[in-house]
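Descriptive analysis of the structure
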Amino acid sequence: AKHEGGNCFSFHSHGMDEDARRRQLIEACLREALGKGEFELVYQPQNSLDSGSIIGCEALLRWYSPQLGMVSPGEFIPVAEDTGLIIPIGSWVLREACERNKAWQDLGLQPQRVAVNLSARQFRGDSLVEEVRNVLADTGLAAEFLELEITESALIHDLDAAIGTCRKLKALGVKLSLDDFGTGYSSLAYIARFPFDKLKIDQGFVRDITHNPANAAIATAAIAIAHGLNLAVLAEGVETEAQALFLRSRRCHAMQGYLFHRPLAADDYARLLASRERL
Ligand code: C2E
Ligand code: CA
Ligand code: CA
Ligand code: CA
């Protein structure tokens, strides 16, 4: 049977379950999405609770497919990773985020760091360091204003190679953060071997921090580890005042979440920064 919709074609046989069919359709549409300009980046502000100021933002990918509508990154990123499409898509994200950040600076806004997510596959590819160097040179963005977010799963495959890649990235001057901290399988000992600047505490721990004693303990320990290793620490997915209070009491002063801001379109982020500066 041939399923046709929009310009994406997807072939499937009878008996395929709904999930497999959906996945195949996503894959077919994803193959064309970059060329058709269907991606956009949104930017979620990161706040410092001390000063109330915005300390930077995380670039998050959005895909609007004319055929499928909005597809969440949680659904299409795994498909992009499995198919290798994450390589060209990730390259687009990196360049777009750096270009945008430089454009904000050129508007006269206070220079800010933009954090970009790297998938495991991007991280392991042998052209990453060269690519980051080129993007910085092409866009004119100073390296200190780019932060790369890496998850534990990207590192555990080959620790020594991963440490080498991180050192080369650091040598360029970019910042490195360990994303989704606490969700991986690695031992704590390895963290100290990596030149990270920041730990990001996964929202899974933050979500029920105020009523789940186990997660509260884990988040508290994670913050203490960051302090002990002299790393910055940021909690993500902060939705309530109670969560923010808890985190602050543990000396986690950087936060990202709906309590403060949703991810914003590029122009809205620029307006937000401009309005803060007028205060
Ligand atoms: P992540 O890197 O952990 O990103 C944080 C996710 O939490 C984002 O979801 C963000 O919109 C969401 N979030 C932020 N604050 C809150 C909150 O207060 N409450 C709740 N419930 N959620 C909050 P999003 O944008 O759907 O992205 C999901 C995941 O997709 C990301 O998780 C990341 O792993 C991946 N992703 C997104 N953009 C990219 C990209 O450009 N490249 C790669 N490789 N992965 C990406
Ligand atoms: Ca992230
Ligand atoms: Ca995360
Ligand atoms: Ca996550």
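This report concerns the structure included in the present document. All values reported here derive from a predicted model rather than from experimental measurement.

1. Some details on the nonpolar core
Membership of the largest hydrophobic core comes to 85 residues, with the highest contact counts inside it found for Trp-63, Phe-123, Leu-146, Leu-148 and Leu-155. By residue number, the principal contributor to this core is helix H3 (residues 86-106), which donates 7 residues. Apart from the residues within four sequence positions on either side, Phe-123 is in contact with Leu-118, Leu-128, Ile-150, Ala-154, Leu-155, Ala-162, Thr-165, Cys-166 and Leu-169.

2. Observations concerning the coordination of the calcium ion (ligand 3)
Around a metal, the idealised angle for a tetrahedral arrangement of four donor atoms is 109.5 degrees; for an octahedral arrangement of six donor atoms it is 90 or 180 degrees. Bound to the calcium ion (ligand 3) on the protein side are Asp-179 (OD), Asp-180 (OD), Glu-236 (OE) and Glu-236 (OE), at distances that span 2.0 to 2.9 Å. Separating the calcium ion (ligand 3) from the calcium ion (ligand 2) is a distance of 3.8 Å, and Asp-179 supplies a donor atom to each of them. Residue Asp-179 is found in strand E8 (residues 175-181), and its partner Glu-236 is found in strand E10 (residues 232-236); the two are separated by 57 residues along the sequence. Pair check on accessibility: Asp-179 and Glu-236 agree, each one buried.

3. A closer look at the coordination of the calcium ion (ligand 4)
Distances from the calcium ion (ligand 4) to its protein donors, Asp-180 (OD) and Asp-180 (OD), fall at 3.0 to 3.1 Å. Between the calcium ion (ligand 4) and the calcium ion (ligand 3), the interatomic distance is 3.7 Å, and Asp-180 donates to each metal, bridging them. Take Asp-180: it is sitting in strand E8.

4. With respect to the packing of helix H1 (residues 18-33) against helix H2 (residues 73-83)
Closest axis-to-axis distance for the H1/H2 pair is 10 Å, and the angle between their directions is 70 degrees. Considered as vectors, H1 and H2 are oriented roughly perpendicular to each other. Counted together, Arg-22, Arg-23, Ile-26, Glu-27, Leu-30 and Arg-31 of H1 and Glu-75, Phe-76, Pro-78, Val-79, Ala-80, Asp-82 and Thr-83 of H2 form the full contact between these two elements. Residue classes in the contact of H1 with H2 are distributed as 6 nonpolar, 1 polar and 6 charged.

5. Focus: the site of ligand 1
Neighbouring ligand 1 are 20 residues; Gln-44, Arg-62, Gln-203, Glu-239 and Tyr-258 lie closest to it. Between ligand 1 and the protein, one listed contact pairs a nitrogen atom with a side-chain N or O atom of Glu-239 at 2.5 Å. At 2.8 Å, a backbone N or O of Tyr-258 approaches an oxygen atom of ligand 1. Here ligand 1 loses 83% of its free accessible area of 790 Å² to cover by the protein chains. At the level of elements, strand E4 (54-65), H2 and E8 are the ones that each hand at least two residues to the shell around ligand 1. In terms of residue count, the dominant contributor to the shell around ligand 1 is E4 (4 residues). Here the shell around ligand 1 is built from residues that sort into 8 nonpolar, 6 polar and 6 charged.

How each quantity is defined
Residues numbered from 1 in each chain as written. Chains lettered and ligands numbered in written order. Predicted model: local features only at pLDDT ≥ 70, side-chain atom pairs only at ≥ 80, totals over all residues. Heavy atoms only, no water. Core = buried A, V, L, I, M, F, W, Y, C linked by side-chain atoms within 4.5 Å. Buried < 20%, exposed > 50% of the residue type's maximum accessible area, 1.4 Å probe, protein only. Helix = DSSP H or I, 4+ residues; strand = E, 2+ residues; numbered from the N terminus. Contact = heavy atoms within 4.5 Å. Donors = N, O, S within 2.8 Å, 3.2 Å for Na, K, Ca; no water. Axes fitted to C-alpha atoms, helices over the stretch in contact; angles between N-to-C directions. Parallel < 35°, antiparallel > 145°, perpendicular 65-115°, else oblique. Nonpolar A, V, L, I, M, F, W, Y, C, P; charged D, E, K, R; others polar. Near = heavy atom within 4 Å. Polar contact = N/O pair within 3.5 Å; in protein donor to acceptor, adjacent residues only side chain to side chain. Areas by Shrake-Rupley, 256 points an atom, 1.4 Å probe, with all protein chains shown as cover.

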